[in-house]
Amino acid sequence: MTSSSYGDAIVYVLVLLGSWSYVSRYHPSEHVYRRLLPLAVSLHSIHVLCQILLHRPPNLFKRLNVPLNVPVDQLRLLLSTEAGLDWQRQGAVAMPQDVELLLSRLVVHGNRGLFTRFGQLSMQSCQFCSSAGDYALFNLSFILLQYLRTATLSLLLTTAVNGRKHLRRVALGISICAFLAEGYAMTYASDVPLSRDARHAFMWHDNLFIIRHILFLVLPLLIQMLPPVYAPNPSTHFAPALAHLERVLPRAHLLRYTQEAVMRHPQLRELAVHWWSQQAVEGAAAMADESSPEGGNGKLRVHARKIIESLKGLLTTPPN
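Residues numbered from 1 in each chain as written. Predicted model: local features only at pLDDT ≥ 70, side-chain atom pairs only at ≥ 80, totals over all residues. Heavy atoms only, no water.

Trainee: I'd like to hear about the overall build of the protein, residue by residue, with values.
Mentor: Looking only at helices and strands, the protein has 12 helices and zero strands in total. The linear arrangement of helices and strands in the protein, starting from the amino end, is α-α-α-α-α-α-α-α-α-α-α-α. Every one of the 320 residues in the protein was classed for burial, and the buried ones make up 32%. Residue pairs in contact within the protein that sit at least 24 positions apart in sequence constitute 66% of those at least 6 positions apart. (Helix = DSSP H or I, 4+ residues; strand = E, 2+ residues; numbered from the N terminus. Buried < 20%, exposed > 50% of the residue type's maximum accessible area, 1.4 Å probe, protein only. Contact = heavy atoms within 4.5 Å.)

Trainee: Let's hear about the state of the cysteines: which residues, and what values?
Mentor: The tally for this structure, following the rule as stated, stands at one disulfide. There is a disulfide in this structure between Cys-126 and Cys-129, and the S-S distance comes to 1.8 Å. Negative torsions about the S-S bond denote left-handed disulfides, and the value of about 75° found for Cys-126 with Cys-129 makes this one right-handed. (Disulfide = S-S within 2.5 Å.)

Trainee: Which residues make up the environment of Ser-130, and what values go with them?
Mentor: Looking at the element boundaries, Ser-130 is found in the loop between helix H6 (109-125) and helix H7 (132-157). As a C-alpha pair, Ser-130 and Arg-105 span 25 residues in sequence and 9.6 Å in three-dimensional space.

Trainee: Pulling in residues and values, what's your account of the side chain of Asn-59?
Mentor: Relative to the assigned elements, Asn-59 resides in the loop between helix H2 (30-53) and helix H3 (60-64). In terms of polar contacts, Asn-59 uses its side chain to reach the backbone amide nitrogen of Phe-61, at 3.1 Å. There is a polar contact of 3.3 Å between the side chain of Asn-59 and the backbone nitrogen of Lys-62. If we skip the residues at most four places from it in the chain, Asn-59 touches Phe-115, Gln-120, Met-203 and Asp-206. (Polar contact = N/O pair within 3.5 Å; in protein donor to acceptor, adjacent residues only side chain to side chain.)

Trainee: Got a sec to walk through the nonpolar core? Specific residues and values, please.
Mentor: With 35 residues, the main nonpolar core has Leu-60, Phe-61, Leu-75, Leu-79, Leu-103, Leu-106 and Phe-115 as its most contacted residues. For this core, the secondary structure elements donating two or more residues are H2, H3, helix H4 (72-83), helix H5 (97-106), H6, H7, helix H8 (168-189) and helix H9 (204-225). Here this core gets six residues from one element, more than from any other, and that element is H7. If we ignore the near neighbours within four places in the chain, the residues touching Leu-103 are Val-72, Leu-75, Arg-76, Leu-79 and Met-95. Membership of the second largest hydrophobic core comes to 10 residues, among which are Leu-37, Ala-40, Leu-153 and Ile-223. (Core = buried A, V, L, I, M, F, W, Y, C linked by side-chain atoms within 4.5 Å.)

Trainee: Give me the lowdown on the packing of H7 against H8, citing residues and values where you can.
Mentor: In contact at an axis separation of 10 Å, H7 and H8 are set at 170° when each is read in the N-to-C sense. Considering the angle they form, H7 stands roughly antiparallel to H8. Note that H7 runs across H8; the crossing there is right-handed. Side by side, H7 and H8 meet where Ala-136, Asn-139, Leu-140, Ile-143, Leu-144, Tyr-147, Ala-151, Ser-154 and Leu-155 of the first sit next to Arg-168, Ala-171, Leu-172, Ser-175, Ala-178, Phe-179, Glu-182, Gly-183, Met-186 and Thr-187 of the second. Each residue belonging to the contact of H7 with H8 can be placed in one class, and the counts come to 12 nonpolar, five polar and two charged. (Axes fitted to C-alpha atoms, helices over the stretch in contact; angles between N-to-C directions. Parallel < 35°, antiparallel > 145°, perpendicular 65-115°, else oblique. Left-handed = near helix turned anticlockwise from the far one by under 90°. Nonpolar A, V, L, I, M, F, W, Y, C, P; charged D, E, K, R; others polar.)

Trainee: Hey, could you go over the packing of H8 against H9 for me, with residue numbers and the actual values?
Mentor: Where H8 meets H9, the axes come as close as 12 Å, and the angle between the chain directions of the two elements is 175°. Of the possible angle classes, the one that applies to H8 and H9 is roughly antiparallel. The residues of H9 that touch H8, namely those facing Ala-171, Ile-174, Ser-175, Ala-178, Glu-182, Ala-185, Met-186 and Ala-189, are Trp-204, Leu-208, Arg-212, Leu-215, Leu-219 and Ile-223.

From the geometry alone we can't say anything about function, so treat these as descriptive.
What follows is the structure in structure tokens.
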């Protein structure tokens, strides 16, 4: 949690944000895209695996294999023996300042409960921390950067270019919920008094570290492995419609030319006139039939009259 760690995390987030902006705005070619995203996921997975396997948070009690209620003098003796120092001899080389700060804080029994909740690094490196709230802010500030790094990678993986844009809300929702749950576990769920004779306790900080990094490892890989769902291209609907119009338009022209040709042929003209005359007779009979919807005061006629009456007021010329 040093300044260099914060700087590395910020640079990591900025690089991923730049990559996501490039993919979202400029829509690179499929060849570039297929190389960019798997490379980002691979680098992220290697980074997370290195954190889990090689850079786990230190734990003084686990490394020395001593119970949690061991006296500070015994811890100092074990550390001196491990480093090859004789701290009881006058003029001996002093321990590092951060280790002295840690040992001085472990003298108070209540701080050992804070050790299980916030880890060794926060108690060893945060000089201004004096309460659980201070340790929580010190830890959550760095944890937030880790979640931002993974959320930025999730944004890079859930673009419309790769057909996984529908997973963006799910991925960001998982990251936000996981951060809130970890914050609750660190500040409230772990706030359990530690008895003085307790030899072992649940190491909240160390276990949350493992769970968090497993999430960081699984989430991008899961997004990358899920099948893409591409939005339908609007142009694909225009091609069938255009083909249908190209077939209908010649038929419409043919129908117009056919009607004109019918009226030029005597026999066809006679049949057409007979058909229209028959239609006119049937229409007049329907209009005269009171029981018909079209005749007398039928529904269609009444409705048409209402529409005409309403239009008369709009079409009449206003008086000067």
